[in-house]
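# Notes for the structure review
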Amino acid sequence: MSVPDYMQCAEDHQSLLVIVQPVGIVPEEQFFKIYKKIAAANQINLQDSQRVLYIRYRHHYPSENNEWGDFQTHRKVVGLIAVTECCNAKDWPQTSEKFHSQKEIYSSTLYDSRLFVFGLQGEIAEQPRPDVAFYPSYDECETIEKKVEDFIESLFIVLESKRLDRSTDKSGDKIQLLCVPFEKKDFVGLDTDSRHYKKRCQGRMRKHVGDLCLQAGMLQDALVHYHMAVELLRSVNDFLWLGDPNHDLQLNMGNSSCMLCLQLYSLYTDNSALEGLCSSSVIYHYPSGTGSKLVRRACSMGLPSETGKRHRHGAQEVLIDPGALTTNGISADTSAEIGRAKNCLSPEDIIDKYKEAISYFGKYKNAGVIELEACVKAVRVLAIQKKSMEASEFLQNAVYINLGQLSEEEKIQRYSILSELYDLIGFHRKAAFFKRVAAMQCVTPSIVDPGWRACYKLLLETLHGYSLSLDPQDFSKGTHKGWPAVQMRLLHELVYASRRMGNPALAVRHLSFLLQTMLDFLSDQEKKEVSQSLENYTAKCPGTMEIVSLPDVKLLPVPLTKLPIVRSAKLLNLPPNLRPLKIRNTLGQNTSSKSPFIYSPIIAHHRSEERSKKIEFQWVQGDVCEVQLMVYNPMPFELRVENMGLLVTGVEFESLPAALSLPAESGLYPVTLVGVPCTSGQINVNGYQTSVFGVTSDCLLENLSGVKVNGYTVEVVPALPRLQITTSLPRSAQTLVPLSGDEIFNSASVQLFNGELQQLTIKLENIGTEPLETLEISAKNTNDKEKLNGEFLTWNLEELLSQLPLEPGKVAYFTLNIQVKLDFSCQESLLQDLNDDGMSVTGLPLPSPFRQNGKSSSESKSTFLNSADTSSRSDYNQVKTLEAILNFKYSGGPGHSEGYYRNLSLGLHVDVEPSVFFTRVSTLPATSTRKCHLLLDVFNSTEHELTISAKNNEDLILHAGECQRLKVISTIHTIFFNIHGRMAIQVNKFKFDNLPDSNNVSEMCSENQRQFEEERSHARAVEINSKLNINWKIPSLKREGEANVEGVLNQLVQEHLQLAPLQWDILVAGKPCDCDIAVDCQVGEPTSLEVKLTNQSKRTVGPFALTVVPYQDYQNGVHNNDLGHAVTTIGSNTFYIDPVKSSEDFVCSGALLFLYAGDYYLNIKFHNDNFNRELPLSWFCLPSVHVCAMDPAQHTMF
């Protein structure tokens, strides 16, 4: 026997072997379809018995193996089922003849046979035949399972009859000697009458009967017969006895022949009986089976395992007594064989007996197949017992068993089975080794047509043993498992096998996997070689991310995440001018309606989990979005990456791929990937896409070891317009420092004199795809160090809004007014140098540097040069800088409907040069009580001639003085005269009606009172300045501006300029008396006199008493108050005014009679008790009264 059955297991000893073969031409697909139906009947529960009959089907079986049926009955072909196709009745005789010829091959061992004919119909098919079944087609064979069961029952009948015949054989000493095929010639000439020969025959027959009992389902009976056979055969296997007593054997045969016969005897008897005993014990201990068909074995017993271990139906548990054997060694009554040893071997004894049997088998050259199969059976038993080390010893022995000249197919089968057995006992790496040897055997040079597909399939099966998985996810995280050198060799072999199979896509996939997973273990030279090979392969078949499907396996895509290596990924916010901002809603609109509670910890925790990967900022539909990657090139050469783009889900997205070239081992290198979301919604950034060495890879962030998140979620808001701003001014060369939250998109720079107005034209262009529908403008001053008077930036928004909506591509213009009004007051140190009259801006006395300590003129000049020239000059000529941000808040399109807008900022940089300074301010009373004169000393700080003017005043010319002052030190007074001018402006006093209410000032704290007074003072200064309208011009530069006096108007000056709350009006002859206007009256006629008090304060005033005293002014400083003879009062000369409430008035009337012509003045005096009411003196300022009394003739002339 030269063909081993590697699938054999111990329980196969109890099965009957049935061959299923085609007769004639039968389609292979149809044959195996019928074969599958036949093989389904692999066990039969016998009627009227609790025994089970097991069938083992084969569609191919070597005839030489059938010759060993006497040695082990499970190797004997006892049944034949032939499958044929016959469509014509004329072909039936030939088909029948072929069937009988097929039976002749196994005629010596066949119990019964069947022929299944498909396609034949008619008279022949209707004739009843016991061994033939006809079916119209392969699909119409419903009764084939029943036919097979009937066939198996017929096999059992023959088997049972043979068992009974052999068990009850009464032929005495004439028992047939059972032999293996190759020993028949060695027994020629032996003495058949010797006692040893008879015991040999008895022992072999006893073993044979044990085999029949085991096949018939009588396990306990088989154990009894095996034990009895072992005892009989051991009694004649005593080597000491064989060397001397058996003289007949030695006389008839040579010494070497005698020893050979003895060994053959031992082979057949002891070993075969031991193996049968082991198989029976295995079946008893492991009713579920030791082979691969565990489910079949578990179901075939039909009894619980505990019951099977206690008692087996069909036989009783017995113990044998060697002395109870009959003369021929066969006793019909096995129930009497109860004695000293238990029949079944223990699990440990089973292995020992296997070792003993295999050791005997190993002594004989022709028993290699038997020895190999015994090793396989022992390994399967040890695998169940979980004794891997002992099982490996049996397998190691099987490796070195010489079976002679094996074909390549047999070698492949042998190595594959060894691999499966090693895998069964947990020796996965060794199993992979033999599987790889089998794979290499498929393509050995001696094979004309190498089986590269079989080689590839076997190589795939070795992956698990070498801790290698073709799933790239298994290599993304954690430490590397297995031997990288072996794994790389195996991957190279897979690549080569794939190429020889003619599957370049498969080769590309394996090579990509090698480069991705083994990159850290490749040398620089190997990296270059593998990369070059991959480029060569992809030139014919580009690598994709599609699954490569094979009949037995599916290869997942292999993204090249290490080419390049990504260390970090960061989503970039849109530029500040493009970021969408949400219009703030009320609390009620922000509160979620999903929960009735204001706060829930469950909801809060859920939201925190969502924010773990959700980005706080937002992207806008239609705008370019950016993701920054920090990449590293691990290759020792320049790495070119093509078509690198983003992988996103959630919204429609247009990726804009980029190409980059990374130097060798470049270190971290920033790469920005861009794309445009085409719709709004939630966008998930899952990874990026690359094309390296011709392999397209979809690299997910969750597979990158350097990135800790699985992806990013960003909200894409609906489309918004895009605004671009340009100005008529040059761009600022200096960097503006914005306030927190502001970002400068564009900037402009301008240089102005203090108070000068500059108009800036701003061009607004809609460069987006949505119309601009709404626009709001606001301004922020970023420099708080300088105090501004009035608005810095002004514009007319209505002019701009009239141009909306602004369609895409359209342009709108508007004008921005820039006017800086810094403090026009000069610093105190400069005033000391420029004024010699001892008065400062505040009105307090300040010593002049020219009068201190009686210094000489030279000392005065030196003092001015060291102090004023070094510090004061730099102060008043210092250029000051102002910076402001003009914000444009705009929206439109779908984003406007969702409540989103954009903010665009324009930075303004203004350098302010001083123009004029007001060095002194004071007031002089005017002729009218409702007017006064405001005196301003003006200093020209420019290098140009300057004219300054006020409302209704002539221009005052101021010469450029800074350079003259520095050059001409000796004529310093003249310099002061040239650069220093004085203006006198007559103004109406101010009511200041819009000042903050001061009713509750007394209830404020001191700090608030001081702040309140400052606000009131500033409000008065603003109102005064607005009425003065002071302007300056520089004719040579054609530049002009305004001068602001808000900073120089101290409280005293403001009080002088304020109209008193008590307004006194005096009317003489019905004409108001004010200023220097004289009222004409006629001598001798009564002249009416009215005194009217208007209370504009917020309190009640009075009562008051006033006395009218006329006098004459001689214009030489002498007043004549004794005019009793010239002027007389009609009635009392004292007027009494009752208390006057707020906003009310009171009029007192009287009359005067002038007796002589002349100029008269009326002095109206308050009585002393009127001043005890804590009212300011300024409230009691009455206008002067000038009366010109004329004779009637003169009066008529005028």
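An account of the accompanying structure is given in this report.

About the criteria used
Residues numbered from 1 in each chain as written. Predicted model: local features only at pLDDT ≥ 70, side-chain atom pairs only at ≥ 80, totals over all residues. Heavy atoms only, no water. Helix = DSSP H or I, 4+ residues; strand = E, 2+ residues; numbered from the N terminus. Buried < 20%, exposed > 50% of the residue type's maximum accessible area, 1.4 Å probe, protein only. Areas by Shrake-Rupley, 256 points an atom, 1.4 Å probe, with all protein chains shown as cover. Pairing = 2+ DSSP bridges. Axes fitted to C-alpha atoms, helices over the stretch in contact; angles between N-to-C directions. Salt bridge = Lys/Arg side-chain N within 4 Å of Asp/Glu carboxyl O. Polar contact = N/O pair within 3.5 Å; in protein donor to acceptor, adjacent residues only side chain to side chain. Parallel < 35°, antiparallel > 145°, perpendicular 65-115°, else oblique. Left-handed = near helix turned anticlockwise from the far one by under 90°. Contact = heavy atoms within 4.5 Å. Nonpolar A, V, L, I, M, F, W, Y, C, P; charged D, E, K, R; others polar. Expected span 1.5 Å × (residues − 1). Patch = residues over 30% accessible without salt bridge, like charges linked within 9 Å, V, L, I, M, F, W, Y side chains within 5 Å. Lys, Arg positive; Asp, Glu negative; His and termini not counted. Charge placed at Lys NZ, Arg CZ, Asp CG, Glu CD. Phe/Tyr/Trp six-rings, centres within 6.5 Å; stacked < 30°, edge-to-face > 60°.

A tally of regular secondary structure across the chain gives 32 helices and 47 strands. Each of the 1198 residues in the chain was classed as buried or not, and the buried ones make up 49%. Within the structure as shown, the chain displays about 58,200 Å² of accessible surface, and the carbon and sulfur contribution to it stands at 49%.

A separate point is the sheet that holds strand E18 (residues 669-677). Read from one edge to the other, the open sheet built from four strands follows the order E11-E14-E18-E16, with strand pairing classed as antiparallel. Both edges of this open sheet fall to strand E11 (565-572) and strand E16 (653-656), since each of them pairs with a single strand only. On average, adjacent strands in this sheet sit at an angle of 25 degrees to one another, irrespective of strand direction. Here four bridges tie E16 to E18, and the two strands are oriented antiparallel to one another. The residue bridging Leu-656 from the neighbouring strand is Val-674, located in E18.

Attention now moves to the pattern of salt bridges. Under the criterion given, the structure shown has 16 salt bridges. One salt bridge in this structure joins Arg-163 and Glu-160, with 2.5 Å as the shortest N-O distance. With Arg-163 and Glu-160 both in helix H5 (residues 144-167) and three residues apart, the pair spans about one turn of that helix. Put simply, Glu-493 and Arg-436 hold a salt bridge, and the shortest N to O gap is 2.4 Å. Taken together, the residues span a long stretch of sequence, with Glu-493 in helix H19 (residues 484-500) and Arg-436 in helix H17 (residues 428-442) at a distance of 57 residues. For the pair formed by Glu-493 and Arg-436, the shared burial category is buried. Taken together, the salt bridges that share partners define one network made up of Arg-51, Glu-160 and Arg-163.

Attention now goes to the side chain of His-13. In this structure, His-13 sits in the segment before strand E1 (15-23). A polar contact is formed between the side chain of His-13 and the side chain of Lys-377, at a distance of 2.8 Å.

Glancing now at the packing of H19 against helix H20 (residues 504-517). Packing of H19 against H20 leaves a shortest axis separation of 8 Å and a crossing angle of 165 degrees. Our classification of the angle between H19 and H20 gives roughly antiparallel. At the point where H19 passes H20, the crossing takes the left-handed sense. Mapping the contact onto sequence places Met-488, Leu-491, His-492, Leu-494, Val-495, Ser-498 and Arg-499 in H19 and Leu-506, Ala-507, His-510, Leu-511, Phe-513, Leu-514 and Thr-517 in H20. Here the contact of H19 with H20 is built from residues that sort into nine nonpolar, four polar and one charged.

Quick look at H20 now. For H20, with 14 residues, the first-to-last C-alpha span of 20 Å sits near the 20 Å given by 1.5 Å per residue. Counting buried residues along H20, twelve of its 14 residues qualify, which places the element largely inside the surrounding structure. At its buried positions, H20 is contacted by helix H18 (452-461), H19, helix H21 (524-540), strand E9 (548-549), strand E10 (554-555) and strand E20 (695-700).

Turning our attention to the environment of Glu-409. The topology assignment puts Glu-409 in helix H16 (residues 408-424). Note on Glu-409: relative accessible area 64%, which makes it exposed. On a C-alpha basis, the gap between Glu-409 and Cys-442 in space is 7.9 Å, while along the polypeptide they are 33 residues apart.

To continue, consider a negative patch on the surface. A cluster of acidic side chains, namely Glu-140, Glu-142, Glu-145 and Glu-149, defines a negative patch on the protein surface. Position of Glu-149 relative to the elements: it lies in helix H5. When its relative accessible area of 32% is taken as the criterion, Glu-149 is described as partly exposed.

What follows deals with the sheet that holds strand E40 (residues 1086-1095). Two modes of strand pairing occur in sheets, parallel and antiparallel, and in both the strands are linked by backbone hydrogen bonds. A sheet is described by the order of its strands in space; here five strands give the open sequence E38-E37-E40-E45-E43, paired in antiparallel fashion. Both outer strands of the open sheet, strand E38 (1071-1072) and strand E43 (1127-1130), are each paired with one neighbouring strand and no more. Two elements, strand E37 (residues 1062-1068) and E38, share two bridges in a ladder whose sense is antiparallel. Residue pairing for E38: Leu-1067 is matched across the bridge by Pro-1072.

This brings us to the packing of H18 against H19. Running from amino to carboxyl end, H18 crosses H19 at an angle of 155 degrees, the nearest separation of the two axes being 9 Å. Considered as vectors, H18 and H19 are oriented roughly antiparallel to each other. When the axes of H18 and H19 are compared, the crossing they make is left-handed. Contact residues: H18 offers Trp-452, Tyr-456, Leu-459 and Leu-460, while H19 offers Leu-490, Glu-493, Leu-494, Tyr-496, Ala-497, Ser-498 and Arg-500. Of the residues in the contact of H18 with H19, the class split is eight nonpolar, one polar and two charged.

What follows covers the packing of aromatic side chains. One pass over the full model with this rule turns up 18 aromatic pairs. Measuring from centroid to centroid gives 6.3 Å for Phe-32 and Tyr-35, while their planes differ by 75 degrees, and the two rings are edge-to-face. One end of the pair is Phe-32 and the other is Tyr-35, both in helix H1 (residues 28-39) and three residues apart, which spans about a single turn. What makes Phe-32 partly exposed here is its relative accessible area of 33%.

Turning our eyes to something else, we now look at the environment of Val-692. Note on placement: Val-692 falls in strand E19 (residues 681-692). Spatially, the C-alpha atom of Val-692 lies 8.1 Å from that of Leu-639, the residues being 53 residues apart in sequence. Excluding anything up to four places from it in sequence, Val-692 contacts Leu-560, Leu-563, Leu-639, Arg-640 and Val-641.

Note that every value here comes from positions in space, so none of it alone points to a role or purpose.
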